[in-house]
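Fold and contact review
Here is what each chain is made of, one letter per residue.
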Amino acid sequence: MKQNISFLLFLLIAISVPAVFAQSDINLTQFYAAPTLYNPSAAGNTDFLRIRGGARLQWLGIDNAPQSFVGTADMPFKVGKNRVGVGVALIQSSEGLYKSLNMGVQAAYKLHKWGGSWSFGVRVGFYDQAFKGSELYLPSDDDYHEGSDDALPTNDIHGTALDLDAGLWFEHPKFYAGISCTHLTSPTVTMNAENSSGGSETSGDRKYQFRADRTLYFTAGCNIPVKNTLFEIMPAILVKSNFTFTTAEIMARGRYKKFLSFGIGYRWDDAVTATVAAEIKNFYIGYSYDYATSAIHSASSGSHEIFVGYSMKLNLNDKNKNRHKSVRIM
């Protein structure tokens, strides 16, 4: 299995010269816990310094299966009479012999209209991609693999490119919605040997490239109090498209006493999900489990995801004149 996955992953970049491998962003079951990860305009939408970190282990039981680690931090502040939000976001992931790092700083401008807050935000950063060619193994005992193929680098290759995201967000005391686009310029990373200055030592003039797909996101959610109880229902939806492949995920959560939440969800043509979370004072911890609905479930015990976070109340002066309660998790 390990050998086959290594080969299939690299085959995607070895089809042409220059070779190009395209991939979209990772899927997160707890997308509602870190809204700035996909939409920079959500930065500073609460009166808190908000920090989130998470890890996702996908398809446990399969060698070299995807693993992802994410982190976000954002906060609001005032410039004159205007409110802005700033933050940082990081996504580190690995799939087989591939490793990628996407990191950037973001800023969002706030405007209060129609009973809510409008935000426009951008994120500027870099997209870093690496491939461990030194660990590539191609069997040579059949007719389908060519271990001496010059198109396959046997050394480690690596590259970095500038990345840009932008988004629009509307937040009302009862609901929120946002639309964004990541990798606006569809950056292409040209990967060279890590120990050479201008090209691969083993592949001559051949170039290997990785392209981050331009990806659209639509996010929405709300709070629905259950009358005469301490419960509230918090549905959320995320739609994602890279113009070739479109997927949608819906999550229905319930929360008791603003402390314990639990929910079930479905990612279109991919997985059924379940999540549980607790909010203790300023701390947050959440766990989710994905059960694949495709044939891959026969080889995997499922996917696991955990998020932790901390929020600290900020004093924005003017007695928080325009403050409103966020319907998302603090």
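Here the structure is a predicted model, which means the values were calculated and not measured.

Reading guide: rules and limits
- Residues numbered from 1 in each chain as written.
- Predicted model: local features only at pLDDT ≥ 70, side-chain atom pairs only at ≥ 80, totals over all residues.
- Heavy atoms only, no water.
- 1 Å grid on protein atoms, 1.4 Å probe; cavity = no way out; pocket = protein on both sides within 12 Å on 5 of 7 lines; lining within 4 Å.
- Points joined across faces, edges and corners; volume = space filled by probe spheres on them.
- Nonpolar A, V, L, I, M, F, W, Y, C, P; charged D, E, K, R; others polar.
- Phe/Tyr/Trp six-rings, centres within 6.5 Å; stacked < 30°, edge-to-face > 60°.
- Helix = DSSP H or I, 4+ residues; strand = E, 2+ residues; numbered from the N terminus.
- Buried < 20%, exposed > 50% of the residue type's maximum accessible area, 1.4 Å probe, protein only.
- Core = buried A, V, L, I, M, F, W, Y, C linked by side-chain atoms within 4.5 Å.
- Contact = heavy atoms within 4.5 Å.
- Salt bridge = Lys/Arg side-chain N within 4 Å of Asp/Glu carboxyl O.
- Pairing = 2+ DSSP bridges.

For the structure on display, the rule yields six cavities of 30 Å³ or more. Within this model, the second largest cavity holds a volume of roughly 110 Å³. Residue lining of the second largest cavity: 18 residues in total, with Leu37, Asn102, Arg123, Asp163 and Asp165 positioned closest to the centre. Per-class residue counts for the lining of the second largest cavity are nine nonpolar, five polar and four charged.

Summed over the entire model, instances satisfying the criterion amount to 11 aromatic pairs. Centroid distance Tyr98 to Phe131: 5.0 Å. Interplanar angle 55°. Geometry classified as tilted. Pair noted here: Tyr98 is in strand β5 (residues 98-113) and Phe131 is in strand β6 (residues 116-131), with a separation of 33 residues, a long-range link. Residues Tyr98 and Phe131 agree in their burial class; the two are buried.

The next subject is the nonpolar core. Grouped together as the largest cluster of nonpolar side chains are 21 residues, with contacts concentrated most on Leu28, Tyr32, Leu37, Tyr38, Val70 and Phe307. Secondary structure elements with two or more residues in this core: β4 (82-95) and β13 (231-241). Discounting chain neighbours no more than four positions away, the residues touching Val70 are Ile26, Leu28, Leu37, Arg52, Gly53, Gly54, Leu90, Ile91 and Phe307. The next biggest cluster of nonpolar side chains, apart from the first, holds 13 residues, and it includes Tyr98, Leu152, Ile157 and Val189.

Moving on to the pattern of salt bridges. Per the counting criterion, the structure on display carries 14 salt bridges. Of the charged contacts in the structure, one is a salt bridge between Glu279 and Arg255, with a shortest N-O distance of 3.0 Å. Here the residue Glu279 occupies a position in strand β16 (residues 271-280), and Arg255 occupies one in strand β14 (residues 246-256), the gap between them amounting to 24 residues. This pair shows no difference in class: Glu279 is buried, exactly as Arg255 is. Arg267 is the partner of Asp270 in a salt bridge, and the nearest nitrogen-oxygen pair spans 2.8 Å. Judged by its relative accessible area of 23%, Asp270 falls in the partly exposed class. Via salt bridges that share partners, Arg56, Glu249, Arg267, Asp270, Asp290 and Glu305 belong to a single interconnected network.

Here Gln129 is to be found in strand β6. It is 5.5 Å that separates the C-alpha atoms of Gln129 and Gly159, two residues lying 30 residues apart in sequence. Apart from the residues within four sequence positions on either side, Gln129 is in contact with Tyr98, Lys99, Ser100, Ile157, His158, Gly159, Val189, Met191 and Phe210.

Looking now at the side chain of Thr273. Tracing the backbone through its elements, the reader meets Thr273 in strand β16. In this view, Thr273 contacts Thr29, Met251, Gly263, Ile264, Gly265, Tyr266, Arg267, Tyr289 and Asp290; residues no more than four positions away in its chain are not counted.

Bringing the environment of Lys174 into the picture now. Turning to its location among the elements, Lys174 is positioned in the loop between β7 (157-171) and β8 (175-182). Since its relative accessible area comes to 59%, Lys174 is described here as exposed. In this structure the C-alpha to C-alpha distance between Lys174 and Cys222, which are 48 residues apart in sequence, comes to 5.8 Å.

On to the pairing of β4. Across 13 bridges, the pairing between strand β3 (residues 67-79) and β4 is antiparallel. Paired with Pro76 across the strands is Gly85, a residue of β4. Two successive antiparallel strands, β3 and β4, enclose a turn made up of two residues, where Gly80 displays a positive phi of approximately 65°. Relative to β5, β4 runs antiparallel, the two being bridged by 12 bridges. Its bridge partner lying in β5, Ala89 is registered against Gly104. Counting the residues that bridge the hairpin from β4 to β5 gives two residues, and of these Gly96 lies at a positive phi of roughly 60°.

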